[in-house]
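# Examining the three-dimensional arrangement
Now for the letters of each chain:
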Amino acid sequence: MPSTLSSRGQVTIPKRIREALKLMPGARLEFSMNASGELLLRAQRPMHGTRGSVEDRFDAARGRADIPWRTEELMKLLRTDD
């Protein structure tokens, strides 16, 4: 899978590789080279339970609620006694 280095030093990672590594825009990548001069690419994954992974879950859910309530209506609902 060939790719071309841009004048800014950027390379497009082929789609098959992005999909295999489950890379999304903004993903952190680690590059290294072995003794034979081969390039190694690793996707850095946030450790489970770290602050970063919690923020990612909230970011994924942000703006997806489809409840049409206004704050005043919700507060009234929560404060009423049965």
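See the structure above.
The present account deals with the structure reproduced in this document. (Residues numbered from 1 in each chain as written. Predicted model: local features only at pLDDT ≥ 70, side-chain atom pairs only at ≥ 80, totals over all residues. Heavy atoms only, no water.)

For the rest of this paragraph, the subject is the overall build of the chain. Each helix and strand counted, the chain has three helices and two strands in total. The order of α-helices and β-strands along the chain, N terminus first, is α-β-β-α-α. By residue count, 2% of the 82 residues in the chain fall in the buried class. For the chain, the proportion of contacts with a sequence separation of at least 24, taken over those separated by at least 6, is 5%. (Helix = DSSP H or I, 4+ residues; strand = E, 2+ residues; numbered from the N terminus. Buried < 20%, exposed > 50% of the residue type's maximum accessible area, 1.4 Å probe, protein only. Contact = heavy atoms within 4.5 Å.)

Of note in the backbone geometry, K22 takes a positive phi value of approximately 55 degrees without being a glycine. Along the chain, K22 turns up in the loop between α1 (15–20) and β1 (29–33). On the basis of relative accessibility, which here comes to 65%, the residue K22 falls in the exposed class.

In this fold, T12 is placed in the segment before α1. Each C-alpha atom of the pair T12 and P2 lies 9.6 Å from the other, and the pair is ten residues apart in sequence. Apart from residues lying up to four places away in sequence, T12 is in contact with S3 and R18.

Residues I67, W69, L74, M75, L77 and L78 make up a contiguous nonpolar surface patch of about 590 Å² in total accessible area. Its place among the elements puts W69 in the loop between α2 (51–61) and α3 (71–79). Residue classification places W69 among the partly exposed residues on the basis of a relative accessible area of 48%. (Patch = residues over 30% accessible without salt bridge, like charges linked within 9 Å, V, L, I, M, F, W, Y side chains within 5 Å. Areas by Shrake-Rupley, 256 points an atom, 1.4 Å probe, with all protein chains shown as cover. Salt bridge = Lys/Arg side-chain N within 4 Å of Asp/Glu carboxyl O.)

Inspection of every chain in the model, using the stated rule, returns one salt bridge. Residues K15 and E19 are paired through a salt bridge, measuring 3.8 Å at the closest nitrogen-oxygen approach. Linking K15 with E19, this pair stays in helix α1, spanning four residues, or about one helical turn. In this structure E19 comes out as partly exposed when scored by relative accessible area, which is 48%.

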